[in-house]
Amino acid sequence: MPEGVREMPLRAYLARAYPMAPGWALRDAWKRRDVRVNGDKGAQAVRGGDVVRVYLPEDLLFAQPLSILYEDGGILALEKPSGLPVDVDADGIGEDTVARRLERLRPGARIAHRLDAGTGGALLAGKTPQALERLMQAFASGGVRKEYRAVAVGQGVGEQLLEGYLEKDARQARVSVRREPFPGARRILTRYRALRCAQESGVWLTQLSVELLTGRTHQIRAHLAHAGLPLLEDDKYGDRAANHRLGVFVPQLWCERLRYESVDVRSAPKGRFFAE
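To start, this report covers the structure provided alongside it. Note that the structure is predicted; figures quoted are calculated from it, not measured. (Residues numbered from 1 in each chain as written. Predicted model: local features only at pLDDT ≥ 70, side-chain atom pairs only at ≥ 80, totals over all residues. Heavy atoms only, no water.)

### Thoughts on the packing of helix α1 (residues 10-17) against helix α2 (residues 23-31)
(1) Moving on: At their nearest, the axes of α1 and α2 sit 11 Å apart, and the two run at 140 degrees to each other. The orientation of α1 with respect to α2, classified from their angle, is oblique. Judged by the sense of rotation from one axis to the other, the crossing of α1 with α2 is right-handed. Contacts between α1 and α2 pair L10, R11, L14 and A15 from the former with L26, R27 and W30 from the latter.
(2) Moving on: In terms of residue class, the contact of α1 with α2 is built from 5 nonpolar, no polar and 2 charged. (Axes fitted to C-alpha atoms, helices over the stretch in contact; angles between N-to-C directions. Helix = DSSP H or I, 4+ residues; strand = E, 2+ residues; numbered from the N terminus. Parallel < 35°, antiparallel > 145°, perpendicular 65-115°, else oblique. Left-handed = near helix turned anticlockwise from the far one by under 90°. Contact = heavy atoms within 4.5 Å. Nonpolar A, V, L, I, M, F, W, Y, C, P; charged D, E, K, R; others polar.)

Right, dumping it as structure tokens:
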């Protein structure tokens, strides 16, 4: 466990460290005393600097392996499952992340951009420092086209280009969006097209194709919510009552397509709400 992290219940740490492991498997390991803290089988809490060992099969600890969508001499495209963080969290916790899996899969390769932990889909990585730098510059300059599939609460129609201004609040880990410029805000552009609209359990849902024309923190989630179409199961910006009624636990957002120069990778959205 990283130095300096304050004490927390062992079970809470395990859920953060191994987010893809089934909850029942972690609970059973804890009850069987197959989790040891500094060699102690009976530990109930963990703090910074402790050594935590979990005795579970790798296919349970690291469930839903990464899939390779494309690979050449410099670029690697991966499919990230929903729920798997790209990297460690703010406290440095994360035994299972895309970055750590990638290091085992292709030593030396590095992720060129990020997706929220709850967002699945295509990710690009550079296999060499030179390829990574070119990719990161392309993302920063708009040289990568990014298309997402989303399920929103509400009735969306037609095609819309959303323009706005976004301000990040790092302390609250959220952003705010307004239509007019304001100090500290950055311009954002998001285009969406409504694909289909239907009711489920009394809640109107619209499946959207979304193109991210600028790339800011939480842009799709915040911009769609500002436009009256919050993402399904986005408690930070969305409709909590609808999320609770439908019993959805993963934000319905998927990076479906990335295009960079001659590279064009696609990742089919996963989950029942994306069914055609």
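### Focus on the nonpolar core
(1) Moving on: Of all hydrophobic cores here, the largest spans 43 residues; its most connected members are I111, L124, Y148, L208, V210 and L224.
(2) Moving on: Apart from residues no more than four positions distant in its own chain, V210 is found in contact with K146, E147, Y148, A150, T190, R191, Y192, I220 and L224.
(3) Moving on: In this structure, M1, V5, V37 and I93 belong to the second largest nonpolar core, which totals 22 residues. (Core = buried A, V, L, I, M, F, W, Y, C linked by side-chain atoms within 4.5 Å. Buried < 20%, exposed > 50% of the residue type's maximum accessible area, 1.4 Å probe, protein only.)

### Re the environment of V203
(1) Moving on: Relative to the elements of secondary structure, V203 occurs in strand β13 (residues 203-212).
(2) Moving on: Between the C-alpha atoms of V203 and Q137, which are 66 residues apart in sequence, the distance is 41 Å.
(3) Moving on: Ignoring any residue separated from it by four or fewer positions in sequence, one finds V203 in contact with V153, A198, A242, R245 and L246.

### A word on the pattern of salt bridges
(1) Moving on: Following the criterion strictly, the structure yields 20 salt bridges and no others.
(2) Moving on: Salt-bridge contacts for R32 lead to D34; the nearest nitrogen and oxygen are separated by 2.9 Å.
(3) Moving on: Of the charged contacts in the structure, one is a salt bridge between R191 and E211, with a shortest N-O distance of 3.2 Å. Of this pair, R191 sits in strand β12 (residues 186-200) while E211 sits in strand β13, and the two are 20 residues apart along the sequence.
(4) Moving on: Via salt bridges that share partners, R145, E159, R191 and E211 belong to a single interconnected network. (Salt bridge = Lys/Arg side-chain N within 4 Å of Asp/Glu carboxyl O.)

### Some points on the packing of aromatic side chains
(1) Moving on: Summed over the entire model, instances satisfying the criterion amount to 1 aromatic pair.
(2) Moving on: An angle of 65 degrees between the planes, with centres 6.1 Å apart, marks the rings of Y18 and F62 as edge-to-face. Placement of the pair is Y18 in the loop between α1 and α2 and F62 in the loop between α3 (58-61) and β5 (67-71), with a sequence separation of 44 residues.
(3) Moving on: A relative accessible area of 9% means that Y18 is categorised as buried.
(4) Moving on: The residue whose ring lies beneath R104 is F62, and the NZ or CZ to ring-centre distance is 4.9 Å.
(5) Moving on: Above the plane of the ring of F182 lies R178, whose end atom (NZ or CZ) is 4.0 Å from the centre. (Phe/Tyr/Trp six-rings, centres within 6.5 Å; stacked < 30°, edge-to-face > 60°. Lys NZ or Arg CZ within 6 Å of the ring centre and 35° of its normal.)

### Section: the layout of surface pockets
(1) Moving on: Each pocket or cavity is described by its volume, and for the largest pocket that value is around 1500 Å³.
(2) Moving on: Forming the walls of the largest pocket are 45 residues, and the residues nearest its centre are R114, L115, D116, T217 and H218.
(3) Moving on: Secondary structure elements with two or more residues in the lining of the largest pocket: α1, α5 (129-141), β9 (145-153), β13 and α6 (219-226).
(4) Moving on: Taken together, the residues that form the lining of the largest pocket break down as 21 nonpolar, 12 polar and 12 charged. (1 Å grid on protein atoms, 1.4 Å probe; cavity = no way out; pocket = protein on both sides within 12 Å on 5 of 7 lines; lining within 4 Å. Points joined across faces, edges and corners; volume = space filled by probe spheres on them.)

### Digging into α1
(1) Moving on: Three or more residues of α1 are buried, namely L10, Y13, L14 and A17. The buried residues of α1 occupy an angular sector of 100 degrees when the element is viewed end-on, so they sit on one face.
(2) Moving on: Buried residues along α1 sit against β1 (8-9), α2, β2 (35-37), β3 (45-46) and β4 (52-54). (Arc of directions from axis to C-beta.)

What is shown is where atoms sit, not what they do.
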